[in-house]
Amino acid sequence: MTTAQTQELDVQPTPLALLLLGREADPRSERGVECPGDLPAPSDPDLVARARAAKEKLGDKVFVLGHHYQRDEVIQFADVTGDSFKLARDAAARPEAEYIVFCGVHFMAESADILTNDGQKVVLPDLAAGCSMADMATAEQVAECWDVLTEAGVAEQVVPVSYMNSSADIKAFTGRHGGTICTSSNAKRALEWAFQQGEKVLFLPDQHLGRNTAVRDMGMSLDDCVVYNPYRPNGGLSAEELRAAKMILWRGHCSVHGRFSLDSVNDVRARIPGVNVLVHPECRHEVVSAADHVGSTEYIIKALEAAPAGSKWAIGTELNLVRRLANRFAPEGKEIVFLDKTVCFCSTMNRIDLPHLVWTLESLAEGTLVNHIQVDKETETYAKLALERMLALP
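Going along each chain's sequence as written, the residues are numbered from 1 onward. Local features in this predicted model are restricted to residues whose pLDDT is 70 or higher, and side-chain atom pairs enter the listing and the counts only when it is 80 or higher, whereas totals over whole chains, interfaces and linings include all residues. Values shown for side chains rest on all heavy atoms present in the structure; no hydrogens or waters enter the calculation.

## Some thoughts on the side chain of Thr379
Put simply, DSSP marks the helices as runs of H or I at least four residues long and the strands as runs of E at least two long, and each gets a number from the N terminus on. With respect to the helices and strands, the residue Thr379 is situated in helix H18 (residues 377-391). Residue Thr379 is classed as buried on the basis of its relative accessible area, which comes to 7%. For the exposure calls, accessible area comes from a 1.4 Å probe over protein chains only, and a residue counts as buried if that area is under 20% of its type's maximum, exposed if over 50%, partly exposed in between.

Structure representation (structure tokens):
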């Protein structure tokens, strides 16, 4: 890879990383992610019957949450579907459910544990279902970043705003330092609130959502934004750059949404005349700028619900949801395609499969608690404070 290519892709491959990959790979994607274009064949029908039987046996004791990016074979057993925050709130609204089975990823289950009562037990069917974006900001790295801001003399002016797609530790850091959490649908409101509290924002961990919200929705310039890289001394930034910036963006991204490119947009417009390009704000800034519509997962669903029959749409978000929407709206004559030619599922979200769900439900039905997600009390206190600040946003 040439230096020019490395700069263009904003990556710094190392010999160790290439050794771990063991093959050529798109360095913008999550390590180890492959994009074969199809999921495995549908699960054994016996598993469907077993899941139904175990869920029936548990009755009101269990409440199953299904994130929009889950496989269809899992979604069919969800009592409610939604994005991460909606699901966490739905869990909190079901205090009678002893078990909350979260078919999503780890940070979502943590949020559900924070928002539910002490008598409820949140379960994640596969503990390996993490989130590469959330993992891009650790508590130690963020604490070091705060030290850098302090040494630059700007920490007192900075209000942290953390995306919902972050660990409980990062949410707790945000709560301790007077900040708030945001979702992709209320990021603008969260930033407006933050700038009423201070002069600068440290946005964690998704640089693209932070940049897109600041520039596209709030009228800032790209020059108002700097990117803090936790793998470089002082984040790769000078004290002068930190003092001049309004938005200090953490160098994190979504491994799925980060794959979409300007070429993807141009290609789909050439292939499908009259297509509407609708993308998630976790996409790169140039993709968002070239799209016709930009919004959260819930926004995408509502936009397609309201779309006229015969309209054509290219959607820039996770493939499970795009396929589900394409099938749902096909009878209405709406043509819905995935924005990119390279098909890629969220590999960590797809770790929650029917065998794991069956094992979880059957274990709970037999009285055995498995994969219990618990956030320690101190972390929960400060993380909940940050979440409550979000809930109080106008």
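There's plenty left to go through after this.
## Digging into the nonpolar core
Membership of the largest hydrophobic core comes to 109 residues, with the highest contact counts inside it found for Val101, Phe203, Met247, Val279, Ile336, Leu339 and Leu361. Aside from chain neighbours lying at most four places away, what touches Val279 is Val287, Val288, Ala291, His293, Val294, Gly295, Ile300, Gly316 and Leu339. Residues enter a nonpolar core if they are buried and are Ala, Val, Leu, Ile, Met, Phe, Trp, Tyr or Cys, with the set joined through side-chain atoms within 4.5 Å. Of all hydrophobic cores here, the second largest spans 21 residues; its members include Val142, Trp146, Val158 and Leu237. Contact criterion: two residues are considered in contact whenever any of their non-hydrogen atoms come within 4.5 Å of each other.

## A word on unusual backbone geometry
For the bond running from Leu204 to Pro205, omega is -20°, close enough to zero to count as cis. Relative to the assigned elements, Pro205 resides in the loop between strand S7 (200-204) and helix H11 (207-217). Of note in the backbone geometry, Asn234 takes a positive phi value of approximately 55° without being a glycine. Structurally, the position occupied by Asn234 is in the loop between strand S8 (225-228) and helix H12 (239-244).

## Things to note about the packing of helix H15 (residues 297-306) against helix H16 (residues 319-329)
Every axis corresponds to a line fitted to the C-alpha atoms, with the helix fit spanning only the stretch in contact, and the corresponding angles, defined between N-to-C directions, vary from 0 to 180 degrees. Packing of H15 against H16 leaves a shortest axis separation of 11 Å and a crossing angle of 20°. On the basis of their axis angle, the class for H15 and H16 is roughly parallel. Crossing of H15 against H16: the hand is right-handed. Between H15 and H16, the residues in contact are Thr297, Ile300, Ile301, Leu304 and Glu305 and Leu321, Leu325, Arg328 and Phe329, respectively. As a working rule, the residues Ala, Val, Leu, Ile, Met, Phe, Trp, Tyr, Cys and Pro are called nonpolar, Asp, Glu, Lys and Arg charged, and the rest polar, with Gly in that last group. In terms of residue class, the contact of H15 with H16 is made up of six nonpolar, one polar and two charged. Should an angle fall under 35 degrees it is taken as roughly parallel, and over 145 as roughly antiparallel, whereas 65 to 115 is taken as roughly perpendicular and any remaining angle as oblique. In a left-handed crossing the near helix is turned counterclockwise from the far helix by less than a right angle, and in a right-handed crossing that turn is clockwise.

## Comments concerning the pattern of salt bridges
We count a salt bridge whenever a side-chain nitrogen from Lys or Arg sits within 4 Å of a carboxyl oxygen from Asp or Glu. One pass over the full model with this rule turns up 17 salt bridges. Ionic pairing is found between Arg243 and Glu240, a salt bridge with its closest N-O pair at 3.7 Å. Taken together, the residues span about one helical turn, with Arg243 and Glu240 both in helix H12 at a distance of three residues. Residue Glu240 is classed as exposed on the basis of its relative accessible area, which comes to 52%. Of the charged contacts, one joins Glu380 and Lys377 as a salt bridge, the two residues approaching to 3.8 Å between their closest N and O atoms. A residue pair is termed a helical-turn pair when its members lie 3 or 4 positions apart in one helix, as Glu380 and Lys377 do in helix H18 at three residues. The class for Glu380 is buried, based on a relative accessible area of 12%. The network of salt bridges with common partners includes Asp118, Lys377 and Glu380.

## As for the packing of helix H3 (residues 45-58) against helix H17 (residues 354-365)
Two elements in contact, H3 and H17, have axes separated by 9 Å at closest approach and are oriented at 30°. As far as their axial angle goes, H17 and H3 are roughly parallel. In this structure, H3 crosses over H17, and the sense of that crossing is left-handed. Counting all contacts with H3, which are made through Leu47, Val48, Arg50, Ala51, Ala54, Lys55, Lys57 and Leu58, the residues of H17 involved are Leu354, Pro355, Val358, Leu361, Glu362, Leu364 and Ala365. Tallied by class, residues from the contact of H3 with H17 come to 11 nonpolar, no polar and four charged.

## Remarks on the sheet that holds S7
Here, any two strands with at least 2 DSSP bridges between them count as paired. With parallel pairing, the five strands of this open sheet are ordered in space as S6-S5-S7-S9-S8. This sheet does not close on itself; its edge strands, each paired only once, are strand S6 (180-182) and S8. Across the sheet, the mean angle from the axis of one strand to that of its neighbour is 25°, orientation sign disregarded. As judged from the five bridges shared by strand S5 (residues 158-163) and S7, these two strands associate in the parallel manner. Each bridged residue has a counterpart across the sheet, and for Ser162 the counterpart in S7 is Leu204.

## Some details on helix H5 (residues 84-92)
Turning to H5, its buried residues are Ser84, Phe85, Leu87, Ala88 and Ala91. Buried residues of H5, seen end-on, are gathered within an arc of 160° and therefore sit on one face of the element. Buried-residue contacts for H5 involve strand S1 (62-67), strand S2 (80-82), strand S3 (99-103), helix H6 (106-115) and H18. Any N or O atom pair separated by 3.5 Å or less is treated as a polar contact, with the protein-specific requirement of one donor-capable and one acceptor-capable atom, and with residues adjacent in sequence counted only for side-chain atom pairs. Of the residues flanking the start of H5, the one acting as N-cap is Asp83, its side-chain oxygen 2.9 Å from the backbone nitrogen of Lys86. Think of it as the arc spanned by the lines of direction from the helix axis to the C-beta atoms.

Keep in mind these numbers describe shape, not what the thing actually does.
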